[in-house]
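Listed here are the chains, written in short residue letters.
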Amino acid sequence: MSDLNYDNIMECLDVSVRPDGVDGSGSYKFVCKLEHTGHQSYEQSFGVYFSTEVSVVEVPGDVEAQVRGNHVTFRRYNQMSDNGLVEIWVKLSAGEQPEVTGITDITCLPEEEGAEIRVILGPVQKAICERRSVRSYKPEMLSKHIIDQIMRAGTYAASGMNRQSPIIIAVIDKGVRDKLSELNAKIMGNEDSDPFYGAPVVLIVLADKDKPTYIYDGTLVIGNMMLAAEELGIGSCWVHRAKEEFESEFGKELLTRLGITGNYEGIGHLVLGYADTEKKSAEPRKENYTYYID
């Protein structure tokens, strides 16, 4: 199990979490490392997503923990100075070894000229800035709990007049996944490739063509799911050619098998899995990307 790091863009509070074995009672131990810069801080908090539901066995006396399923929010009531470093040891119980899949909601409470100012470094901006397309995956299957969380984010995407034209199909059956990959490669004109890059999970987004905004609706669904996957530490990549797949007999039969009727067009696939490659830094943003009309 590897460490998971959150390096926030405001360079105020960085958090990493690493496993530290199992104690004699069977509790899983983790070390949360907090590195603080820029000012005095009198309270710090952050959230950690795990791969399975957990409960808290023990935290230090100056730390409060709140659990919701597989997410734990830690709040530390103590001072950190500029360039401060603190390690928090926590013990958890779970039905199986928990893996850290995401760090979220970092909050730092500084004091400036006698007034408290809350600086919230939220997970949305982090996911937007740090998401990268992953094109090499480990074969390990994701839990349905994680897949459901990612799909749920897709269902809350904006849509034209809230008509909710898209649908999402999660493919975790290897035979169907491989057949889709074979068909996609044939459409692409490179039949020896795997367009899904070895990812074990394929989410297919289709949308109702009778709705005028269906392409945009489906695109927003995929975007939401990309960000949710990033937040949970899951690699993702948009793969094209879903339109052609679901114009084929195989695609139509797949919809019929699922009892899906309607005038649906494939918008795209989002492949998911644990990355088998190092994440690259973002390329510089192009010049003249944004404009103001004052």
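The structure this text deals with has already been given above.
Treat the numbers as computed from the prediction; the structure is a model and nothing was measured.

S.K.: Mind laying out the environment of Leu13, listing which residues take part and the relevant values?
M.R.: Mapped onto the elements of the fold, Leu13 is located in strand β2 (residues 13–22). Sequence separation between Leu13 and Cys108 is 95 residues; the distance between their C-alpha atoms is 6.9 Å.

S.K.: Tell me about the packing of aromatic side chains, and name the residues and values.
M.R.: Considering all chains together, one arrives at two aromatic pairs under this definition. With 5.4 Å between their ring centres and 65° between their planes, Phe30 and Phe50 make a pair best called edge-to-face. One end of the pair, Phe30, is in strand β3 (residues 28–36); the other, Phe50, is in strand β4 (residues 41–50), and 20 residues separate them in sequence. With a relative accessible area of 1%, Phe30 lands in the buried category. Taking the relative accessible area as the measure of exposure, Phe50 reaches 1% and is therefore buried. Between Phe46 and Phe74 the ring centres are 5.4 Å apart and the planes differ by 35°, which places this aromatic pair in the tilted class. Taken together, the positions of Phe46 in strand β4 and Phe74 in strand β7 (residues 71–76) put the pair 28 residues apart, joining distant regions of the chain. For the pair Phe46 and Phe74, one class covers both residues: buried. Positioned above the aromatic ring of Phe250 is the side chain of Lys179, whose terminal nitrogen or guanidinium carbon lies 5.8 Å from the ring centre.

The rules behind each value
- Residues numbered from 1 in each chain as written.
- Predicted model: local features only at pLDDT ≥ 70, side-chain atom pairs only at ≥ 80, totals over all residues.
- Heavy atoms only, no water.
- Helix = DSSP H or I, 4+ residues; strand = E, 2+ residues; numbered from the N terminus.
- Phe/Tyr/Trp six-rings, centres within 6.5 Å; stacked < 30°, edge-to-face > 60°.
- Buried < 20%, exposed > 50% of the residue type's maximum accessible area, 1.4 Å probe, protein only.
- Lys NZ or Arg CZ within 6 Å of the ring centre and 35° of its normal.

Purely geometric stuff here, so don't read any function into it on its own.
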